[in-house]
Structures are given as structure tokens and as C-alpha cells.
Amino acid sequence: FYDRLHPDDRERTRGAIEASIRDRAGYDIEYRTVGLDGRERWVRAIGRTFYAPSGEPVSFDGITVDVTARVRQEHALKDADRRKDEFLATLAHELRNPLAPLRNGLQVMKLAAGNAAAVEKARAMMERQLGQMVHLIDDLLDVSRITRGKLRLRRERVELESVVRAAVETARPVIEASAHEFTAALPPGPVYLDADPVRLAQVLSNLLTNAA
């Protein structure tokens with residue numbers, strides 16, 4: 001009997017049966033069996049021991065039910081729930097990142113109301129950061145991808161400098177709050193990538209934020 005059990009379940013099942021015999025209590029346990037073809041199946045076993053008048057255990061009866069489908073469904077639900085939690089935690093973290101530069105941009109526009117160039121620069125930065133947030137919210141609203149725990153990459157031809165600029169804008173509030181100096185050294189000519197600009201900017205801004 002024990003040879004047909006999954007190696008990881010043998011001692012646990014043996015212990016439950018021995019405790020049932022020793023304590024004169026019924027037992028109810030689930031374990032995996034391994035067929036001659038190598039297939040694993042989940043079984044629920046319910047049983048009890050019968051004793052002679054002298055108290056000696058003489059037989060052990062019970063039933064076993066194949067519960068493989070139910071166990072697999074439970075595991076799939078738990079896995080989907082875990083992926084959903086991880087997905088939402090990732091998005092919640094990423095949604096916070098653009099808020100700081102947006103707040104900074106509003107402050108710049110307030111303080112530099114008479115400086116058209118500074119206001120335009122702040123406006124352009126805020127527009128880029130808002131675009132990042134829209135991208136993230138689109139991901140958040142896609143329920144099918146939440147349950148699968150996957151993000152969709154929207155690849156396009158993008159220039160490296162624009163990705164770096166967006167990443168630096170996102171991380172700059174943390175860099176400045178930590179009183180760090182930051183310098184970006186980019187190639188002299190344009191470098192084009194086939195990538196999702198929002199996700200790539202997030203990778204770089206996360207690196208910069210963690211470093212700061």
C-alpha cells in the first residue's frame with residue numbers, strides 16, 4: 001500500500017493511520033497515489049479500525065475516493081489568487097511612481113507662472129507621466145490579465161533617450177529628496193529600440209529609485 005503512495009505523502013499517511021489505530025479514532029486524509037504508468041492522482045481516504053474484545057486491532061476498513069479534479073481546481077484557484085495579488089501589488093507600486101513628478105510639475109508651474117519655457121517643460125513632463133499612468137490603469141482594468149498574472153507588452157519603435165528621460169523624471173523626486181547628484185551619459189547619436197516604452201522606463205526608474 002505505501003509503495004503506491006507518492007514518496008512525499010507516505011510518512012504523513014502512515015502517521016495518520018497509526019494514530020487512528022492507537023487512539024481508536026477514525027481517520028480522514030488526502031494523499032497522492034502513483035500508478036504504474038507514473039500518473040499521480042489525489043485520493044481521499046476515510047476509515048477506522050475494528051478491535052477484538054481483547055482490545056487488539058484486527059481489521060481496518062474504509063473507503064477511498066478519487067478527488068484529483070477537485071484538488072487540481074483548488075490548486076488552480078489558489079495559484080490564480082496568488083498571481084492576482086502579485087499583479088495588483090506590482091501595479092499599486094508602479095502607480096505611485098508617476099505621482100511624485102506630477103506633483104513636482106504642478107509646483108513648478110505654480111512657482112514659474114511667468115516663465116513660459118519652464119511651464120512648457122513642466123507641462124510636457126506631466127503629459128508623459130500621465131501617459132504612463134493611463135497605460136498602467138489600462139492594465140489594471142484588464143481583468144483577464146489580472147487572473148493570469150500577466151502584463152501585455154506594447155512594443156514599438158522608441159528612442160532610448162526618451163525612455164531614459166521618462167525614467168529619470170519618475171525617479172528624480174526620490175534622488176533629490178536623498179540629496180544625490182545624478183548624471184546621465186547617453187550615446188551621441190539616437191539609439192532606437194523595439195520595446196514597450198512605458199515598461200522599459202519603469203525598469204530604469206525602479207533601478208534609479210532603489211539606488212537612491
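Criteria and cut-off values
Throughout this description, residue numbers start from 1 for each chain and increase along the sequence as written. A pLDDT threshold of at least 70 governs which residues receive local features in this predicted model, and a stricter bar of 80 or more applies before side-chain atom pairs are shown or counted, although totals over entire chains, interfaces and linings include all residues. Values shown for side chains rest on all heavy atoms present in the structure; no hydrogens or waters enter the calculation. Only Phe, Tyr and Trp rings take part, Trp by its six-membered ring, and two of them pair if their centres are within 6.5 Å. Stacked means planes under 30 degrees apart, edge-to-face means over 60, and tilted covers everything else. Think of it in three bands: residues with accessible area under 20% of the maximum for their type are buried, residues over 50% are exposed, and the middle band is partly exposed, with areas taken using a 1.4 Å probe on protein chains only. Only runs of H or I of at least four residues qualify as helices and only runs of E of at least two qualify as strands under DSSP, and these elements are numbered from the N terminus. The criterion for a charge sitting over a ring is simple: Lys NZ or Arg CZ within 6 Å of the ring centre, and within 35 degrees of the ring normal. Helix span, expected: 1.5 Å multiplied by one less than the number of residues in the helix. Fitting axes to the seven residues that end at a residue and to the seven that start at it, the angle between those axes gives the bend at that residue. Salt bridge, as used here, is a side-chain nitrogen of Lys or Arg placed within 4 Å of a carboxyl oxygen of Asp or Glu. Here, the term nonpolar core denotes a set of buried Ala, Val, Leu, Ile, Met, Phe, Trp, Tyr and Cys residues that are joined through side-chain atoms within 4.5 Å. The pLDDT value expresses, per residue, how confident the predictor is, ranging between 0 and 100. Orientation is described by axes fitted as lines to C-alpha atoms, over the contacting stretch for helices, and by angles from 0 to 180 degrees between their N-to-C directions. Helix crossings get a hand from a simple test, with the near helix turned counterclockwise from the far one by less than a right angle marking a left-handed crossing and a clockwise turn marking a right-handed one. Every residue pair with non-hydrogen atoms within 4.5 Å of one another is taken to be in contact. Pairing between strands is defined by DSSP: at least two bridges between the two strands are required.

Undergrad: Would you take a moment to explain the packing of aromatic side chains for this structure?
TA: Two descriptors summarise a pair of aromatic rings, namely the distance from one centre to the other and the angle between the planes of the rings. Applying the stated criterion to the full structure yields three aromatic pairs. On the basis of an interplanar angle of 65° and a centroid distance of 5.1 Å, the ring pair of Phe1 and Tyr2 is categorised as edge-to-face. With relative accessibility at 52%, the residue Phe1 sits in the exposed group. Consider the rings of Tyr27 and Phe60, whose centres lie 5.2 Å apart with planes at 45°: the pair is tilted. Highlighted residues: Tyr27 in strand β1 (residues 27-34) and Phe60 in strand β3 (residues 57-66), separated in sequence by 33 residues. Ring pairing ties together the aromatic residues Phe1, Tyr2 and Tyr31, which thus form one cluster. Here Arg14 stacks its cationic end above the ring of Tyr2, 4.0 Å away from the centre of that ring. For Arg24, the ring lying beneath its charged end belongs to Tyr51, and the centroid distance is 4.0 Å.

Undergrad: Would you mind going over helix α6 (residues 160-177) with me for this structure?
TA: Because each turn of an α-helix spans 3.6 residues, side chains separated by three or four positions in sequence point in the same direction. The end-to-end C-alpha separation of α6 is 26 Å, in line with the 26 Å expected for 18 residues at 1.5 Å each. Of all the bends found along α6, the most pronounced is centred on Ala171 and spans about 45°, while Pro173, a proline, follows it within four residues. Taken as a whole, α6 has its buried residues at Val163, Val164, Ala166, Ala167, Val168, Glu169, Thr170, Ala171, Pro173 and Ile175. Of the residues trailing α6, Ala179 is marked for its positive phi of about 60°.

Undergrad: I keep staring at unusual backbone geometry and nothing clicks. Help me out?
TA: Peptide bonds are, in most cases, trans, and in most cases residues other than glycine have a negative phi. Of note, Arg24 is a non-glycine position whose phi angle comes to about 55°, a positive value. With respect to the element layout, Arg24 can be found in the loop between α1 (10-23) and β1. You will see that Ala179, though not glycine, has its phi angle at about 60°, which is positive. Along the chain, Ala179 falls in the loop between α6 and β5 (192-195).

Undergrad: What should I look at first to understand the pattern of salt bridges in this one?
TA: Should the charged atoms of two oppositely charged side chains come close, the side chains can pair. With the rule as written, the count across this model stands at 14 salt bridges. One salt-bridge network, in which partners are shared between bridges, spans Asp9, Arg12 and Arg32.

Undergrad: Would you take a moment to explain the nonpolar core for this structure?
TA: Proteins that are soluble and globular tend to have nonpolar side chains buried together. Grouped together as the largest cluster of nonpolar side chains are eight residues: Phe87, Leu91, Leu95, Leu102, Met125, Met126, Met133 and Leu136. Among the elements of the structure, α2 (68-96) and α4 (116-141) are those that each provide at least two residues to this core. If you look at the next biggest cluster of nonpolar residues, it comprises seven residues, including Leu5, Ile17, Tyr31 and Ala45.

Undergrad: Explanation requested: the environment of Gln202 in the structure shown.
TA: Relative to the helices and strands, Gln202 is located in helix α7 (residues 197-211). Sequence separation between Gln202 and Thr170 is 32 residues, and the spatial gap between their C-alpha atoms is 8.5 Å.

Undergrad: Explanation requested: the confidence of the model for the protein chain in the structure shown.
TA: Averaged over all residues, the pLDDT of the protein chain is 86; the fraction at 70 or higher stands at 94%. Considering each helix and strand of the protein chain separately, the mean pLDDT is smallest for helix α5 (residues 143-148), with a value of 63, and largest for β5, with 95.

Undergrad: Would you mind showing me how to read the packing of α6 against α7 here?
TA: How two helices sit against one another is set out by the angle between their axes and by the gap between those axes. Running from N to C, α6 and α7 point in directions that differ by 35°, and their axes come no closer than 8 Å. Between α6 and α7 lies a crossing whose hand is right-handed. Contacts between α6 and α7 involve Val163, Val164, Ala166, Ala167, Val168, Thr170, Ala171 and Val174 on the former and, on the latter, Pro197, Leu200, Ala201, Leu204, Ser205, Leu208 and Thr209.

Undergrad: What is the right way to read the pairing of strand β2 (residues 40-51) from this model?
TA: Regular strands place side chains that alternate from one sheet face to the opposite one. Here β1 runs beside β2; their pairing, made up of eight bridges, is antiparallel. When the bridges of β2 are listed, Tyr31 appears paired with Val43. Between β1 and β2, which pair antiparallel and follow one another directly, the connecting turn spans five residues, one of which, Gly38, has a positive phi of 90°. Relative to β3, β2 is paired through nine bridges, and the arrangement is antiparallel.

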